[in-house]
Amino acid sequence: MKPFQGKTAIVTGASSGIGRAIALTLARQGAAVALHARREALLREVADEIRQGGGRALIVAGDAGQASAIDALLEAVLAWQEGGSAYSIVIANAGRGLAGGITTSDNSQWQELYQTNVLGTAHLLRQTGRYLSQQGSGDIVVLSSVAGRNVSPFSGFYGSSKFAASALAEALRREVCASGVRVTTVMPGIVESGFQQVAGYTRENFGKTVETYGRVLEPQDIANSVSWLLAQPPHVHVSEIMIRPTGQNYP
Ligand SMILES: NC(=O)c1ccc[n+]([C@@H]2O[C@H](COP(=O)([O-])OP(=O)(O)OC[C@H]3O[C@@H](n4cnc5c(N)ncnc54)[C@H](OP(=O)(O)O)[C@@H]3O)[C@@H](O)[C@H]2O)c1
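All values derive from a computational prediction rather than experimental measurement.

Summing up its helical and strand segments, the protein chain has eight helices and seven strands in all. Computed over its C-alpha atoms, the radius of gyration of the protein chain comes to 17 Å, within 12% of the 18 Å expected for a compact globule of 251 residues. Its C-alpha atoms give the protein chain principal-axis dimensions of about 50 × 40 × 35 Å. A total of 251 residues make up the protein chain; the buried ones form 47% of that total.

This is the structure in structure tokens:
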């Protein structure tokens, strides 16, 4: 029996990188997966791959920074009969980076970054935390970052949003753990994905440092850890996990 057979997972940011790898991995391991992101064509490719492997996928396109879009996603999942009209796993992964610190990053992007990384995440955690605690079990996994635990030398403003994401996850964990719901903070180091381009990283502001780390992580490395922590028995909660490339000294 596959470990997540009979479960339905919601994955935000499923069109690329870490979210895509988590969605494909959970689907291979038996979960029905609801895929969310703005780029619907990329979600369709992920859904096709899941269905070709015999899995079940639902596509809901939308902006993870908008509360109404999150509500539409959750409504669609609860109406999805193939997914059992219920869910028990939530991967709050949608997010974006931004190169530079407080004095050097492009502050015209600050609001959108907080809207997605902090306020959208908070709304998703509030709604799914309420639902799962009523159900009496379930998992919420929040993609924070090593920059959400250590102040980053090359992405200080972005990092501040991930400090907020880590704090939201831990706050929710304390609110809902007595109901049997696990809320886990995952803090990756450098993962090669669409992230670097969206953030505006260049060799000058980022790449030269990263070259000193040697081989960096791939999205599948994070997906493997998420799959492992979700598969722990219900009384065991690995509540935080930090995963770096072996050669990454900081942050
Ligand atoms: N890569 C790293 O080094 C690294 C390290 C630590 C933590 N993280 C975190 O891991 C998460 C995933 O990043 P990644 O590395 O996989 O980057 P990625 O390849 O750029 O993927 C980001 C995903 O988030 C979605 N997304 C971004 N803004 C969105 C919005 N407003 N509405 C809906 N979806 C949105 C994107 O979908 P659309 O563009 O299609 O909407 C995409 O699917 C992020 O939260 C990131 O902060 C990444």
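Right, let's talk about unusual backbone geometry for a bit. Looking along the chain, the bond that leaves Tyr250 and enters Pro251 is cis, with omega of 0 degrees. Relative to the assigned elements, Pro251 resides in the segment after strand S7 (240-243). The phi dihedral of Ser85 is positive, around 50 degrees, even though this residue is not glycine. Positionally, Ser85 belongs in the loop between helix H3 (67-78) and strand S4 (89-92).

Here the focus is the nonpolar core. Judged by nonpolar contacts, the single largest core of 71 residues is most densely connected at Ala23, Val33, Leu35 and Ile140. Filtering out sequence-adjacent residues up to four positions away, Ile140 remains in contact with Val90, Ala92, Leu125, Thr128, Gly129, Leu132, Leu172, Val181 and Val183.

What follows is about the packing of H3 against helix H4 (residues 110-135). Packing of H3 against H4 leaves a shortest axis separation of 9 Å and a crossing angle of 35 degrees. Crossing handedness for the pair H3 and H4: right-handed. In this structure, H3 contributes Ala67, Ile70, Asp71 and Leu74 to the contact, and H4 contributes Gly120, His123, Leu124 and Gln127. Residue composition of the contact of H3 with H4, by class: four nonpolar, three polar and one charged.

Attention shifts here to the environment of Pro153. Locating Pro153 in the fold gives a position in the loop between strand S5 (138-143) and helix H5 (156-176). The partly exposed category is assigned to Pro153, around which 13 C-beta atoms lie within 10 Å. As for Pro153 and Tyr250, which are separated by 97 residues in sequence, their C-alpha atoms are 8.6 Å apart.

Once that is clear, we can look at the environment of Ala178. Note that Ala178 resides in the loop between H5 and strand S6 (181-188). Sequence separation between Ala178 and Ser137 is 41 residues, and the spatial gap between their C-alpha atoms is 9.7 Å.

End to end, H4 covers 36 Å across 26 residues, agreeing with the expected 38 Å (1.5 Å per residue, within 8%). Turning to H4, its buried residues number three or more, namely Leu113, Thr116, Asn117, Val118, Gly120, Thr121, His123, Leu124, Leu125, Thr128, Gly129 and Leu132. Backbone geometry just downstream of H4 places Gly136 in the positive-phi region, at approximately 90 degrees.

Moving on, we get to the site of the ligand. Gly13, Gly17, Arg38, Gly95 and Gly194 are the nearest of the 30 residues found near the ligand. Of all the elements in the fold, those that place two or more residues in the shell around the ligand are helix H1 (17-28) and helix H6 (195-199). Among the elements that make up the shell around the ligand, the one with the highest residue count is H1 (three residues). Among the residues forming the shell around the ligand, the class breakdown is 13 nonpolar, 13 polar and four charged.

On to the sheet that holds strand S3 (residues 57-61). Reading across the sheet, the seven strands line up as S3-S2-S1-S4-S5-S6-S7 and stay open at both edges, with parallel pairing between neighbours. Strands at the two margins of the open sheet, each flanked by one partner only, are S3 and S7. Taking the axes of each pair of neighbouring strands and ignoring which way they run, one obtains an average angle of 15 degrees across the sheet. As defined by bridge partners, strand S1 (residues 8-12) adjoins strand S2 (residues 32-37) across five bridges and the pair is classed as parallel. Across the sheet, Ala9 pairs through a bridge with Val33, a residue of S2.

Quick notes on the rules
Residues numbered from 1 in each chain as written. Predicted model: local features only at pLDDT ≥ 70, side-chain atom pairs only at ≥ 80, totals over all residues. Helix = DSSP H or I, 4+ residues; strand = E, 2+ residues; numbered from the N terminus. Rg over C-alpha atoms; globule rule 2.2 N^0.38 Å. Buried ≥ 20, exposed ≤ 12 C-beta atoms within 10 Å, placed from the backbone. Core = buried A, V, L, I, M, F, W, Y, C linked by C-beta atoms within 7 Å. Contact = placed C-beta atoms within 7 Å. Axes fitted to C-alpha atoms, helices over the stretch in contact; angles between N-to-C directions. Left-handed = near helix turned anticlockwise from the far one by under 90°. Nonpolar A, V, L, I, M, F, W, Y, C, P; charged D, E, K, R; others polar. Expected span 1.5 Å × (residues − 1). Near = placed C-beta within 6 Å. Pairing = 2+ DSSP bridges.

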